[in-house]
Amino acid sequence: MSTSTTDHTYAAGREGFNSLREGGFNWDSFPLRLFTKGNAKFWNPSDLDFSREAEDWDGLNSEQQRSTTYLVSQFIAGEEAVTQDIRPFLDAMGAEGRFGDEMYLTQFCFEEAKHTQVFRLWMDEVGLTGDLHPFVAENPYYRQLFYEELPGSLGDLTTDPSPVNQIKASVTYNHVIEGSLALTGYYAWQKVCTKEGIFPGMQDLVKRIGDDERRHMAWGTFTCRRHVAADDRLWDVVQERMVELMPLALGMIEWVNNQFPVNPFGIDDKEYLIYAADRAQRRLSAIESARGRPIEEIDTDYSPETLEDKFGQEDAEVMRAAAAE
């Protein structure tokens, strides 16, 4: 009989190694499936071609440059924040004895650091080298989410890695910060670049990051699902945290929209708000579907990954239509 990948003794009490146990790893488990998939899709930020980015940047008017600066500043600051703040989640998985999740989260953290690198390389290429703090710090919704809620909810795992706190951290990190805000931002980048026929390097960057992030979202959905399957009362925790944070996420998007009398790229600002709310609601439905399920089924239920693939396909259709206009 194969030994579970979650069966280990943590930290100072180590008595053995997961990799040496009879039966080895369960490569079909959801976290290790994501880990294997991520390794197969490795990419190096230094290999991306940004040779046309500066020329396209110079072709933008001042309002388009200001709008683009808001977007890229929010992204790189967010990528830096999540790189730093995810570490308590890795420890929480260790405390719970989930070595497969620990393995995946090391890749997860590395990918967030890589995203920080690639945005910085792009900014250097177009000449955005000044102090850009005002583009995030003046947005009160951004400040509350990234300066307070994100580090606070992840930091709580350091002293109390309970299922309740794991869900609060996952909803904050995976479903609001990444699943709603980040993926809406990637959608905005792709829509603008495709519509205007600009920034081929950024288009490549966003496709690669978006693929990484969809695996991150899938892990967050999986983590919430396994806790909800184990204890149905935790579904209320998921809903309460989403209700608490989604107004901040939508407010953050709207605050930036309000900095411009009209959208500098001629896109309806409501499109982004609708996109963010839709993605959040559909992931909530995926978590809710775990209610009443046997917990042993969740570890090899790949529906969160299937949902993210569907989102990717839908976005690709929108971009093909935008390119054809």
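Residues numbered from 1 in each chain as written. Predicted model: local features only at pLDDT ≥ 70, side-chain atom pairs only at ≥ 80, totals over all residues. Heavy atoms only, no water.

Please explain the packing of aromatic side chains as it appears in this structure.
Here a ring pair, both rings aromatic, is described through the centre-centre distance and the interplanar angle of the planes. Applying the stated rule across the entire model yields 20 aromatic pairs. Note on Phe25 and Trp27: the rings are 5.4 Å apart at their centroids and 75° apart in plane angle, and the pair reads as edge-to-face. With relative accessibility at 47%, the residue Trp27 sits in the partly exposed group. Relative to Phe99, the ring of Phe25 lies with its centre 5.9 Å away and its plane at 45°, an arrangement referred to as tilted. Remark: Phe99 occurs in helix H5 (residues 99-126) and Phe25 occurs in the segment before helix H1 (30-40); sequence separation between them is 74 residues. We classify Phe25 as buried; its relative accessible area is 18%. Joined through ring pairs, the aromatic side chains of Phe89, Tyr104, Phe108, Tyr173 and Trp219 make up one cluster. The lysine or arginine in question, Arg279, covers the ring of Tyr275, its NZ or CZ lying 4.1 Å from the ring centre. (Phe/Tyr/Trp six-rings, centres within 6.5 Å; stacked < 30°, edge-to-face > 60°. Buried < 20%, exposed > 50% of the residue type's maximum accessible area, 1.4 Å probe, protein only. Helix = DSSP H or I, 4+ residues; strand = E, 2+ residues; numbered from the N terminus. Lys NZ or Arg CZ within 6 Å of the ring centre and 35° of its normal.)

Can you help me understand the pattern of salt bridges in this one?
Oppositely charged side chains are able to pair whenever their charged atoms sit close together. Applying the stated criterion to the full structure yields 29 salt bridges. Glu314 is the partner of Arg279 in a salt bridge, and the nearest nitrogen-oxygen pair spans 3.5 Å. In this pair, Arg279 is assigned in helix H11 (residues 270-288) and Glu314 in helix H13 (residues 303-324), connecting sequence segments 35 residues apart. In this structure, Glu314 engages Arg282 in a salt bridge whose closest nitrogen and oxygen atoms are separated by 2.8 Å. In this pair, Glu314 is assigned in helix H13 and Arg282 in helix H11, connecting sequence segments 32 residues apart. When salt bridges that share partners are traced, they join Lys41, Glu111, Asp211, Asp212 and Arg215 into one network. (Salt bridge = Lys/Arg side-chain N within 4 Å of Asp/Glu carboxyl O.)

Help me understand the confidence of the model for the protein in this model?
Do not read the fine detail of predicted coordinates wherever pLDDT is low. Considering every residue of the protein, the mean pLDDT works out to 91; 95% of them sit at 70 or more. The secondary structure element of the protein with the lowest average pLDDT is H13, at 82, and the one with the highest is helix H2 (residues 53-58), at 98. Of the regions scoring below 50 in pLDDT, residues 1-10 engages in 32 contacts with residues more than four places distant in sequence or in other chains. (pLDDT = per-residue confidence, 0-100. Contact = heavy atoms within 4.5 Å.)

Before we go on, may I ask you to explain the layout of surface pockets in this structure?
Here the idea is plain: a probe the size of a water molecule rolls over the atoms and shows the empty space left. One number sums up the size of the largest pocket: a volume of about 430 Å³. In terms of residues, the lining of the largest pocket owes the most to one element, helix H3 (residues 62-85), which gives seven residues. Taken together, the residues of the lining of the largest pocket sort by class into 10 nonpolar, five polar and four charged. (1 Å grid on protein atoms, 1.4 Å probe; cavity = no way out; pocket = protein on both sides within 12 Å on 5 of 7 lines; lining within 4 Å. Points joined across faces, edges and corners; volume = space filled by probe spheres on them. Nonpolar A, V, L, I, M, F, W, Y, C, P; charged D, E, K, R; others polar.)

Help me understand the nonpolar core, please; the structure alone is not making it clear to me.
For soluble globular proteins, nonpolar side chains are generally found buried alongside one another. Judged by nonpolar contacts, the single largest core of 89 residues is most densely connected at Phe89, Phe119, Trp122, Leu145 and Leu205. A per-element tally of this core places helix H8 (residues 163-196) first, with 15 residues. For Trp122, the contacting residues outside a window of four places in its chain are Phe50, Glu53, Trp57, Thr68, Val72, Leu128, Trp189, Phe199, Met202 and Leu205. (Core = buried A, V, L, I, M, F, W, Y, C linked by side-chain atoms within 4.5 Å.)

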